[in-house]
Protein chains: 2
Amino acid sequence: VRARVLGSAAGGGFPQWNCACSGCQAARAGRAAPRTQDSVAVSADGDRWVLLNASPDVRAQLEGCPALLPREGRGSPVQAVVLTSADLDHTLGLFSLREAQPIALYATREVLAALTRSILLRTLQRSTGQLVMHELALSTATPLVGADGRSLGLTVTAVPVPGKLPPHLAGITEASAGDQVALTVRGASRALAYAPCVASVSDLAGAFADADALLFDGTFFTDGELAAMGGQSARAMAHLPISAGPAGPGSLAYLAGLGVPAFYTHINNTNPILLPGSDELAQVLATGVRVAEDGLEVFR
Amino acid sequence: VRARVLGSAAGGGFPQWNCACSGCQAARAGRAAPRTQDSVAVSADGDRWVLLNASPDVRAQLEGCPALLPREGRGSPVQAVVLTSADLDHTLGLFSLREAQPIALYATREVLAALTRSILLRTLQRSTGQLVMHELALSTATPLVGADGRSLGLTVTAVPVPGKLPPHLAGITEASAGDQVALTVRGASRALAYAPCVASVSDLAGAFADADALLFDGTFFTDGELAAMGGQSARAMAHLPISAGPAGPGSLAYLAGLGVPAFYTHINNTNPILLPGSDELAQVLATGVRVAEDGLEVFR
């Protein structure tokens, strides 16, 4: 399995279009690495690829990665997309994968239903077979088949993780176990676990034990960092913060004890681990947990 | 009025994610200027800005233009968005203008209705006043007011132009005059006309006569260039080609006779005017018509 981080920022990216916080200013000034929105590309053979989530930045992400570009004529090496939720920062890029390109789409029943509610999906359904939707049963290894009908040499397993409904669905659909999942993608030799949004790890004790690497929710360092800018708390937004606080331990203690090489991803522009030399980044690195950047090859 | 081209490519951009035609290869190799998807920024004072269309590339477009970035804390200089149609390459960027930022949205009744059909719009309606929709009456100068409630010092006039419904709406809504418009944005001293998608100029004889500059549909050079790659003809896609053909004159003859400084924009990746040194580019330039690039300041 090859696995490459295409984007490592939370929704809005780093910098974020309407933000001039010290982190966003550092990114604009070249003092911190800019990041596009969370997405990962995986492949069994380096030839045909699968996107884990389709971020609003997908066009720039693909152009930045030669293996993901067409070699001649029309036709992309991207054969399939697997989604962890219906959040716009994980699905908006689907609507940029147009231009009559067949795509196999894998998601839970809940996420497929949410996508089907959007009239925009019709832009991917202009011809029979353009978008082929596959339902991911929970906690079951599903073999991935490309838009070309051939095996991709990978299985994916979706495990429910605590979260919350995307804002555009809140109040109109009922919360359900499959609204948000972590994915384990397994090839012949290795397995990548990917959990970009996680509200709590209480029920995830053994969930990633057999993964060879884990990309994990690093949205916020402290529970209150966005609230300090007028937003909600991390926990109210269904993201377990990295650091411990009055509400209990954070994700760093969990990851440090997991025994699996772990990387934070889906990092919000307010998170000080984005700033080289910060105390918070040092705290993370001291435990052996790393911080993903765009272009990181988790498995070469 | 200041006016800056943020993106000058048709839907899909240049290069396009699933295309390796000679043009896209040239863009990837640095032999032709890459282009993001069609959008323009205008401002009366250089301080508060209006986007004409919101492209899928909006995040990168704003980051590439310091005047459009926040100066401190939270809050964007982008006060309003005016749409020419409900096409995804002109509207998908709206869903990236999130993060609790108030936006004034101007469009025709038909385009507002189309947007409201999409469940995704709820992500911009999380709080009262986040998205304020203003209906543009046809052929009427409407003063633009920002999300902050203050005048932007500009008027915009929407004139119907022949086109076709976006693919995601085809077959479920009736075609109507306001589905696609050209815009004239007028400030104290100058007026910019913007017509990125035009199927025919038969009824547009005097439409842009009093503009100081015109950005016009340059999607295709010939009627058949996309058909040669397996797509539809330009006219079937509701784009008047630049060059004359069996079906009649193209847009170049129209623009050359207009007496208004004109630029092609919304240029498809298959269009040879994107290639420096091409005969087709020379034909355009010989008439005095120019070709927009990303970052072009039409009015400084």
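Each remark here, short or long, concerns the structure printed above.
As a starting point, this report considers the structure included with it. (Residues numbered from 1 in each chain as written. Chains lettered and ligands numbered in written order. Predicted model: local features only at pLDDT ≥ 70, side-chain atom pairs only at ≥ 80, totals over all residues. Heavy atoms only, no water.)

Notes on the overall build of chain A
In plain terms, the rule: Strands here mean DSSP runs of E at least two residues long; helices mean DSSP runs of H or I at least four residues long; both are numbered from the N terminus. The reference for a compact globule is 2.2 Å times residues^0.38; the radius of gyration itself is calculated from the C-alpha atoms. When accessible area is computed with a 1.4 Å probe and restricted to protein chains, residues below 20% of their type maximum are described as buried, those above 50% as exposed, and intermediate ones as partly exposed. Contacts: residue pairs with any heavy atoms within 4.5 Å of one another. Two residue types count as positive, namely Lys and Arg, and two as negative, namely Asp and Glu; His and chain ends fall outside the count. Every charge is mapped onto a representative atom, which is NZ of Lys, CZ of Arg, CG of Asp or CD of Glu.
If you tally the helices and strands in chain A, you get six helices and 16 strands. Compactness check: chain A gives a C-alpha radius of gyration of 18 Å against a globular reference of 19 Å for 300 residues, within 12% of the reference. Dimensions along the principal axes, computed over C-alpha positions, put chain A at roughly 50 × 40 × 40 Å. The 300 residues of chain A split such that 59% are buried. The contacts of chain A with a sequence gap of at least 6 include a subset with a gap of at least 24, amounting to 65%. Taking the 21 positively charged and 25 negatively charged side chains of chain A as two groups, their mean positions are separated by 6 Å.

Digging into the packing of aromatic side chains
All names here are of chain A. Condition: Pairing of aromatic side chains requires ring centres within 6.5 Å, counting the rings of Phe and Tyr and the six-membered ring of Trp. Pairs whose planes differ by under 30 degrees are stacked, by over 60 edge-to-face, and all others tilted.
Across all of its chains, the model carries two aromatic pairs over all chains by this definition. Here F216 and Y254 contribute two aromatic rings whose centre-to-centre distance is 5.8 Å and whose plane-to-plane angle is 40°, an arrangement assigned as tilted. Here Y254 lies in helix α5 (residues 251-256) and F216 lies in strand β13 (residues 213-217), a separation of 38 residues in the sequence.

Digging into the interface of chain A and chain B
Definition in use: Take the accessible area each of two parts loses on contact, using a 1.4 Å probe, and add the two losses: that sum is the buried area. Between Lys or Arg on one side and Asp or Glu on the other, a salt bridge is scored when a side-chain nitrogen of the former is within 4 Å of a carboxyl oxygen of the latter. For this classification, the nonpolar set comprises Ala, Val, Leu, Ile, Met, Phe, Trp, Tyr, Cys and Pro, the charged set comprises Asp, Glu, Lys and Arg, and every other residue, Gly included, is treated as polar. Strands are labelled as partners when DSSP assigns at least two bridges between them.
If you look at the interface, chain A gives 57 residues, while chain B gives 57 residues. Here chain A meets chain B over a buried area of about 4700 Å², counting both sides, of which 55% is carbon and sulfur. Counting the surface chain A buries against chain B, the share from its top three residues, W17(A), R59(A) and R74(A), is 20%. Counting the contacts that link chain A with chain B gives four salt bridges. For the side of chain A that touches chain B, the secondary-structure elements that each account for two or more residues are β2 (19-20), α1 (22-28), α2 (58-63), β5 (73-74) and α3 (88-91) of chain A. Residues of the side of chain A that touches chain B, tallied by class, amount to 24 nonpolar, 19 polar and 14 charged. Inspection of the sheet shows β2(A) paired to strand β5 (residues 73-74) of chain B by two bridges, in the antiparallel sense.

Some words on unusual backbone geometry
In this model, F14(A) is joined to P15(A) through a cis peptide bond whose omega is 0°. Secondary-structure assignment places P15(A) in the loop between β1 (2-7) and β2. Non-glycine residue E99(B) carries a positive phi angle of around 65°. Along the chain, E99(B) turns up in the loop between α3 (88-91) and β7 (103-107). E99(B) gets classed as partly exposed once you look at its relative accessible area, which sits at 25%. The backbone of H266(B) sits at a positive phi, close to 55°, despite the residue not being glycine. Here H266(B) lies in the loop between β14 (262-265) and α6 (279-286).

Some details on the pairing of strand β13 (residues 213-217) of chain B
Residues and elements named next belong to chain B. Which entries qualify depends on this criterion: Think of it like this: strands point away, you trace from the first strand over the helix to the second, and a clockwise trace means the crossover is right-handed.
In terms of burial, β13 is largely enclosed, as five of its five residues are buried. Where β13 and β14 come together, four bridges link them in parallel fashion. Across the sheet, the residue bridging to D217 is T265, located in β14. In this fold, the crossover linking β13 to β14 by way of helix α5 (residues 251-256) has right-handed handedness.

Things to note about the pattern of salt bridges
Tallied over the entire structure, the rule returns 16 salt bridges over all chains. Of the charged contacts in the structure, one is a salt bridge between E297(A) and R300(A), with a shortest N-O distance of 3.9 Å. The salt bridge involving R71(B) is made with D47(B); its shortest N-O contact spans 2.6 Å. Here the residue R71(B) occupies a position in the loop between α2 (58-63) and β5, and D47(B) occupies one in the loop between β3 (39-43) and β4 (49-52), the gap between them amounting to 24 residues. Shared partners join several salt bridges into a network, and the residues in it are R48(A), D148(A) and R150(A).

Focus: the sheet that holds β13(B)
All names here are of chain B. In spatial order, the strands read β9-β10-β11-β12-β13-β14-β15; together these seven strands make up an open sheet with mixed pairing. The sheet is open, and its two edges are formed by β9 (141-145) and β15 (290-291), each paired on a single side. With two bridges connecting them, β14 and β15 associate as parallel partners. Its bridge partner being in β15, F263 is matched across the sheet by R290.

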